[in-house]
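Okay, here's what each chain looks like letter by letter:
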Amino acid sequence: MKKRRLIPVLLLRNGWLVQSKNFKEYQNLGNPVTAVKRLSEWASDELIYLDISQDNIYDINRSDQGYPNRKFFLDIISDVSKVTFMPITVGGKISNIKDIENRLKVGADKISLNTKAIYDLNFVKKASKEFGSQCIVISIDFIKEDNEYFIYDNKKRSIIKLDIFDYINKIQDNGAGEILLNSVNRDGTGKGYDIDFYNKIYETINIPIIACGGAGDWFDMFDVFDKTKVDAVAAANIFHYRDQSVFLAKKFLYEKNINVRKPDLLNIK
Amino acid sequence: MNKKVCILDYGSGNVKSVENLVKFLNFDVKISNNETDILEASHLILPGVGSFEYSMNKIKEKIPIKILENEVLSKKKFFMGICVGMQVLANYGYENGKFEGLGWVKGEVKKLQVNNLSLPHIGWNNCDILKNDKIFSDLNDIRDFYFLHSYSVNLENKNNIIATTVYGNKFCSVLKQNNIYGIQFHPEKSQKAGMILIKNFLNQ
């Protein structure tokens, strides 16, 4: 049977791995390549790698960790795919077909589009035709206000006037393979996943959903798997701060009969 | 004999990932479509992502098929096709029309019958091993692999199916015909399980 997935999200800001809270505050967590190596050893199911730099300077500025300093995002991805053998989704700063090609060439398996899809729906169609639906993940930052759900534009820091349910149906029709739904209100808060929202979404679509935003402990992950049909849960902070995090999360879920891959610690070679 | 791995290059997107893994396992490896490299190789790997038709066109354009066939079908060199690289081994593929494959194994490539599940079949799923084989050594505990496809090979000779997977219905996830292996999932993205499988293949 197909397994439900646990996916660590890595936010990369100017070459550094960072933690975010409510999409506003950022704290430095260190070298992205060593972090990926760890996450790989704990048998993560996939990785999502998002470039949230506001400019194009990538300098991890450390040469003491055995990896060269990388000035370019693509070099960082290329390094990552040499130490880890699992599916990688790469997002951020994708505005044309060539950008996608370049990311796939260095080892990405899927790419994620956020605001590009909102403002240019036709690009979703074009990209999924060219690379296949399985390659195109649409990432949506959603915000809840007065019991209503809206799409949030992280760059402009404002709500977009589009019906979110309508939009999700449209991207599915245009060939999106998966949807990453990230709660702005819950980002970095540890208050648990927005279960109501994920249930509402599944009333209208049937492509896999990745729930993100709000995990405070392993139980939150159990809760969203137990009460919704989401295919995967993604999280950033909780997976970076605890030793063996992904392994422990998986163990918790596995023992509670959630259909995840058997927990494992990989010590390869 | 020293092992030499040749990953056949016809422009498939995932050659780099396969190379990364083979290198990680410390084997001598080349990405190439060059005649000499194919002749010198002890193991040949044909990776694949994309549609059947696209892959077959590229293979015909870039790879010296006659030479490859002589190495694999006559000289019985170890060969592994991954994902679409497995599918093109069949006679025909039915993705966006009917297209001819390499025809090394008798069978056809058809869309997965998944009932109400979504396609493509993306994610980790397990293999049921039907026949003991060297490539499954040390895989007793872990049999989950990463899948990413909408089509699968329907083999004429069911004896050549050595593992199956269920997604809606059962399909062939690993085929073996003499020295030829076909792998529907992506070992290069399947962490430890994929690593062991590729290692087993290369150690033959």
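Throughout what follows, the structure given in this document is the object of discussion. Keep in mind the model is a prediction, meaning the values are calculated, not measured.

### Remarks on the side chain of Arg261(A)
Its place among the elements puts Arg261(A) in the segment after α10 (245–255). A polar contact of 2.8 Å, which involves the side chain of Arg261(A), links it to the side chain of Gln191(B). Not counting residues up to four positions away in its chain, the partners in contact with Arg261(A) are Lys3(A), Arg4(A), Ala43(A), Ser44(A), Asp45(A), Lys250(A), Tyr254(A), Trp124(B), Asp144(B) and Gln191(B).

### Notes on empty space enclosed by the protein
Overall, the coordinates contain one cavity of 30 Å³ or more when judged by the stated rule. Its volume calculated, the largest cavity comes out at about 100 Å³. Around the largest cavity, the lining residues are Ala43(A), Arg261(A), Lys262(A), Asp264(A), Leu266(A), Ile142(B), Asp144(B), Ser190(B), Gln191(B), Lys192(B) and Ala193(B). Residues of the lining of the largest cavity, tallied by class, amount to four nonpolar, two polar and five charged.

### Details of the layout of surface pockets
The computed volume of the largest pocket comes to approximately 1,300 Å³. As for the largest pocket, its lining consists of 43 residues, and the residues nearest its centre are Phe131(A), Gly132(A), Gln134(A), Val49(B) and Gly50(B). Listing elements by their share of the lining of the largest pocket, those giving two or more residues are α3 (97–105) and α5 (121–131) of chain A together with α1 (15–24), α3 (52–62), α5 (84–87) and β10 (144–149) of chain B. Considering each element in turn, the lining of the largest pocket owes the most residues, four residues, to α5(A). When the residues that make up the lining of the largest pocket are grouped by side-chain class, the tally is 15 nonpolar, 18 polar and 10 charged.

### Some details on the sheet that holds strand β7 (residues 107–111) of chain B
Residue and element names in this part refer to chain B. What the four strands build is an open sheet, ordered β6-β5-β7-β11; its pairing is mixed. Either end of the sheet is taken by a strand with one partner, and the two such strands are β6 (99–100) and β11 (151–155). Where strand β5 (residues 92–93) and β6 come together, two bridges link them in antiparallel fashion. When the sheet's bridge partners are listed, Tyr92 is paired in β6 with Glu100.

### A short note on the packing of aromatic side chains
Residues and elements named next belong to chain A. Inspection of the entire model under this criterion finds 17 aromatic pairs over all chains. Every member of this aromatic cluster is reached through a ring pair, and the members are Phe142, Tyr149, Phe165, Phe197 and Tyr198. Positioned above the aromatic ring of Phe222 is the side chain of Lys256, whose terminal nitrogen or guanidinium carbon lies 5.1 Å from the ring centre.

Rules and cut-offs
- Residues numbered from 1 in each chain as written.
- Chains lettered and ligands numbered in written order.
- Predicted model: local features only at pLDDT ≥ 70, side-chain atom pairs only at ≥ 80, totals over all residues.
- Heavy atoms only, no water.
- Helix = DSSP H or I, 4+ residues; strand = E, 2+ residues; numbered from the N terminus.
- Polar contact = N/O pair within 3.5 Å; in protein donor to acceptor, adjacent residues only side chain to side chain.
- Contact = heavy atoms within 4.5 Å.
- 1 Å grid on protein atoms, 1.4 Å probe; cavity = no way out; pocket = protein on both sides within 12 Å on 5 of 7 lines; lining within 4 Å.
- Points joined across faces, edges and corners; volume = space filled by probe spheres on them.
- Nonpolar A, V, L, I, M, F, W, Y, C, P; charged D, E, K, R; others polar.
- Pairing = 2+ DSSP bridges.
- Phe/Tyr/Trp six-rings, centres within 6.5 Å; stacked < 30°, edge-to-face > 60°.
- Lys NZ or Arg CZ within 6 Å of the ring centre and 35° of its normal.

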